[in-house]
Every structure is written in C-alpha cells, then in structure tokens.
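Tertiary structure, described
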Amino acid sequence: MTEEVAVLGAGMHPWGKWGRNFVEYGVTAAREALADAGLEWRDIGAIVGADTVRGGYPGHVAGATFAKALGWQGARVTSVYAACASGAQAIGAARAQILAGLADVVLVVGADAAPKGFFRPAGGDRPDDPDWLRFRILGATNPVYFGLYARRRMARHGDTPEDFAQVKVKNSAMGALNPHARYRSRVTAEEVAASAVVADPLRLLDICATSDGGAAVVLSSMEYARRHGQAEPVRIRAVSTVTPRYPNTVLDLPDIATDSARAVEPPGETFRRSIARAAFEEAGLGPEDVSLAEVYDLSTALELQWYEDLGLCGEGEGVKLLRDGVTALGGRVPVNVSGGLASFGEAVPAQAIAQVCELTRQLRGMAGDRQVPGARVGITANQGLFGHGSAVIALR
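As the structure is a computational prediction, the values presented were derived from the model and not from experiment.

About the thresholds
- Think of each chain on its own: its residues are numbered from 1, step by step along the sequence as written.
- Given that the model is predicted, a residue must reach a pLDDT of at least 70 before its local features are reported, and side-chain atom pairs must reach 80 or more before they are shown or counted; all residues, however, enter totals for whole chains, interfaces and linings.
- Heavy atoms throughout the structure, all of them, feed into the side-chain values; hydrogens and water do not.
- UniProt positions are given in the numbering used here, feature names are shortened, and annotations may be inferred rather than shown by experiment.
- In this text, helices come from DSSP runs of H or I with a minimum length of four residues, and strands from runs of E with a minimum of two, each type numbered from the N-terminal end.
- Pairing between two strands requires that DSSP report at least two bridges joining them.
- In this analysis an axis means a line fitted to C-alpha atoms, helices contributing only their contacting stretch, and an angle means the value between N-to-C directions, from 0 to 180 degrees.
- Note on definitions: a residue-residue contact is assigned when non-hydrogen atoms from the two residues lie within 4.5 Å.
- Exposure above 30% relative accessible area and the lack of any salt bridge qualify a residue for a patch; like charges then connect within 9 Å, and the nonpolar side chains Val, Leu, Ile, Met, Phe, Trp and Tyr within 5 Å.
- For the accessible areas, the method is Shrake-Rupley and the probe is 1.4 Å, while residue cover comes only from the protein chains on display.
- Each reported salt bridge corresponds to a side-chain nitrogen of Lys or Arg within 4 Å of a carboxyl oxygen of Asp or Glu.
- Any residue under 20% of the maximum accessible area for its type is buried, any over 50% is exposed, and the rest in between are partly exposed; the area is computed with a 1.4 Å probe on protein chains only.
- The rule for a disulfide is simple: a pair of cysteine sulfur atoms within 2.5 Å.
- Only buried Ala, Val, Leu, Ile, Met, Phe, Trp, Tyr and Cys residues count toward a nonpolar core, and they belong to the same one when joined by side-chain atoms within 4.5 Å.

Within this structure's numbering, the places UniProt gives as "domain: Thiolase C-terminal" (unreviewed entry) are residues 274–393. Secondary structure across residues 274–393 comprises 40% helix and 15% strand; the distance between its end C-alpha atoms is 14 Å.

Let us look at the sheet that holds strand 9 (residues 292–295). Ordered in space as 3-2-4-7-1-8-11-10-9, the 9 strands form an open sheet in which the pairing is mixed. Each of the sheet's edge strands pairs with one partner strand only, and the pair in question is strand 3 (76–80) and strand 9. Averaged over all pairs of adjacent strands, the angle between strand axes in this sheet comes to 25°, irrespective of strand direction. As judged from the 3 bridges shared by strand 1 (residues 5–16) and strand 8 (residues 234–240), these two strands associate in the antiparallel manner. Its bridge partner lying in strand 8, A6 is registered against R235. Helix 2 (residues 62–70) rests against strand 2 (46–50), strand 3 and strand 4 (105–113) of the sheet, and its axis sits at about 120° to strand 2.

With that settled, the discussion passes to a nonpolar patch on the surface. Residues I137, L138 and I256 make up a contiguous nonpolar surface patch of roughly 290 Å² in combined accessible area. Turning to its location among the elements, I256 is positioned in the loop between strand 8 and helix 9 (271–283). On the accessibility criterion, I256 (36% relative accessible area) is partly exposed.

Applying the stated criterion across every chain, the model contains 0 disulfides. The closest cysteine sulfur to the non-disulfide-bonded C208 is located on C84, 8.4 Å from its own sulfur. Under the relative-accessibility criterion, C208 is labelled buried at 13%. Left unpaired, C357 is separated from the closest cysteine sulfur, that of C84, by 17 Å.

Take helix 2 next. Taken as a whole, helix 2 has its buried residues at A62, G63, T65, F66, A67 and L70. Packing partners of the buried residues in helix 2 comprise helix 1 (22–37), strand 2, strand 3 and strand 4. G71 sits one or two residues past helix 2 and shows a positive phi near 120°.

This next bit is on the nonpolar core. F146, L310 and I393 are the most contacted members of the largest nonpolar core, which totals 49 residues. For this core, the secondary-structure elements that each account for two or more residues are helix 5 (142–157), helix 6 (161–175), helix 9, strand 9, helix 10 (300–309), helix 11 (318–323), strand 10 (377–384) and strand 11 (388–395). When near neighbours in sequence (up to four residues on either side) are disregarded, F146 contacts L202, I207, L253, L298, S299 and L302. Listed in part, the 42 residues of the second largest apolar core include A103, V234, L292 and A352.

With that settled, consider the environment of A113. Examined against the element boundaries, A113 turns out to sit in strand 4. As for A113 and V48, which are separated by 65 residues in sequence, their C-alpha atoms are 18 Å apart. Other than its neighbours up to four places away in sequence, A113 contacts R20, F22, Y25 and D212.

In this section: the pairing of strand 8. Burial analysis of strand 8 places 7 of its 7 residues in the buried class, which makes it a mostly covered element. Relative to strand 11, strand 8 runs antiparallel, the two being bridged by 5 bridges. Each bridged residue has a counterpart across the sheet, and for S240 the counterpart in strand 11 is A391.

Turning our attention to the environment of E265. One can find E265 in the loop between strand 8 and helix 9. Judged by relative accessible area, which is 67%, E265 ranks as exposed. Note: C-alpha distance between E265 and P247 (18 residues apart in sequence) is 7.4 Å.

To continue, consider the pattern of salt bridges. Pairs can form between side chains of opposite charge whenever their charged atoms are close. Per the stated rule, a full pass over the model turns up 23 salt bridges. Measuring nitrogen to oxygen at the nearest pair gives 2.9 Å for the salt bridge that ties E4 to R235. Placement of E4 in the segment before strand 1 and of R235 in strand 8 is noted, with a sequence separation of 231 residues between them. Here E4 and R235 have matching classes, each one buried. A salt bridge links R273 to D309; its shortest N-O distance comes to 3.4 Å. Taken together, the residues span a long stretch of sequence, with R273 in helix 9 and D309 in helix 10 at a distance of 36 residues. Classification of D309 as buried rests on a relative accessible area of 4%. By sharing partners, the salt bridges in this structure join E4, R235 and R237 into a single network.

Right, here's the structure in full:
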C-alpha cells in the first residue's frame, strides 16, 4: 500500500457545447479548485496538464498552456496524454511528484473542446495506427464497438435492450441533480426506446455524446494538508494505470483482432478487471469496502460490464444489481451518482479528473441532493485507447 496524498480542492467548468477554446474551460476549473483549496496560484509548486489532441498545438503541452494562462510563476510542469485515461495519468504523475518530495502541492487540470458526432481518428493515412485501421478496414466506429459489446452481453448473460435503457434512466435521474452536467432532464425508458437506432441494439440515448468541459483538482502531501488546517481531507490511496496482458481474449478498442493463445495461456482476467484489481491491491481494500463508484459509461451496456469488472458482483450479474436498485442513489453501491457520461458527454482529458471531483464532494458529504449517505470509499474506472488503464481510489 502506497502513501496517501490529500485532495485539497476540486473544481469544474460545466459540460456542454460552448464553442470556446479548451483553455478557458481548464482555467475556470483550475481557479475553482484553487478557491476550494483556499490557495492562490502562486502557492502551487507543480502543474500537470492532461492533453487534448484536438486543441491544436497548445493541446499537446497542456501543462504549460494552463500555466501560462494562469500566469507564469515558475511551477514545475508536466503534460500527459493517454486518451480517455489522461486525467488518471495526470493525477498519477502529480501524486508521484508529491511522494517523491518534488512538490508539496500540485494542480491537475484537464479540458477539452470536442467535435460534433462520435470521435474518429485524425485525417490522413496511418496504417500503423490500430485506431485508424479499424475505421478504414472494418468501418468499426465507436458506436459499432459499443453495439457489438452489448450484443455480447445479450448472448452471454441474457441482458435486454430494456435493461440497457434502465441504465440511462438511472443516470439521467442523478444527472438532473448535478449543476455541472450537460443534460439535466430525466429520461424515461420509453424515450430511450423511441430514440433512433445507432448501432443495434443501442439507440441514441444509450450512447454518450461528445462535450466541452474542464475539471481540476489540487493535491498535496498529508503534511502540507495538516499545516493548512485540513486534518482529515479526502485522500487518494491508489491510482491504477496498468496495461493489458497477452493474449487478449476479449476485444478492447482500438484493437480489431485477439492475440493467439496457442503459445501463451490466457490471463485469468480481462484487461478492465486487472485495472480495478491493481487499484484495490494498492489501496489495501476490496470491492466490499466501496461506498460508490464513478465508471466510464460510454454506452449503457458498458456500465453494466463495469459492475462486474470492479467486482461489485459476479460475472453476468450486472443486470441483477441494476434491477435490484443496488447501483441507484439509495442503493448499496450507487454508480455514476454524478450522472456519468450519460449526463455529461465526453470531454476526454477532463473526464477522469471529473470523476475524482465527484468522489471528493461525496466523501466530504457536500454533494447536495445526490449525496450518498455515509460515503467513505469511492473508486473511479475509466479506460484509454491503446491499453491505458485508469482507476483511482479515494477515501475519507
């Protein structure tokens, strides 16, 4: 078990389609996080920026871009890119600097201005890019992958489109209570069923949108937190950024073929399960300790898969948890109390940080109408293209 770091502040720019530069969203989130921590920008010893590849050249050096926008003050700077896992990697980099004694307090920022429609590879021919290959050779857009995964659950576990719709119903009800969410209207199962088919069996309301938004957290050493009057802050105890193991027997984006198992025995768990296991092992905790989870609901069916990958239930039992109300607000382990990506949409570099912002509010007991009573331990789960794991465990 590693040493803990404190979460002194959390801030966000509301998600939506604002049509402005991603730097503005990140700076707004950063200033809110600093205010929440009771610190000034000049107090920060290091800044870590989660990169966006759609923001032009500055997006590739997000740390320095945000530092310049806040005002050069000599802080150490780091920029990271790991697709949808960028936020967790940024938090991991910040934590490493704190535990190494390189900085007492670190600002982590991620923001994006996303294009309309589903994400796709950048233009040009890149035959060495597996993401480009699946679009070019198979025509397998992200919604196609989500649909295939939903079909797999239907065939293996008996899930139904009606079950998938109930995930959207649950998340929209919680997103309606979140002032930072893009979509703040409750959705009925009938409305999901009436929305357009995108990739059978998934409909438009089963799949998350793309959004603009920003999120930031201020992390510090425990000693620094105590010196600044926070004797019992929210703490981060684990950050999992593991990679897959050969051979992969379950397809994960962007790969379009499994690896041969003839020479090597398959691992005993899927990639996503290994992400959660590594986090729990590092934290010295288990799924039974979790009060709430924020997971990567790119589609309604994928949320159900995360229930099982986190160990909240056995394989194929995700739907039972949903049907029994276990993952709803008021249930034993509420999932995506923020409203999830169903209510926010994807703002890629920000979303793993936004998950930690939600855990922070919940563990402080400051989440308002969506508060999970007595929340003590929270876990986030995410995943980035090209084998980037993403999970964070926070507690109080």
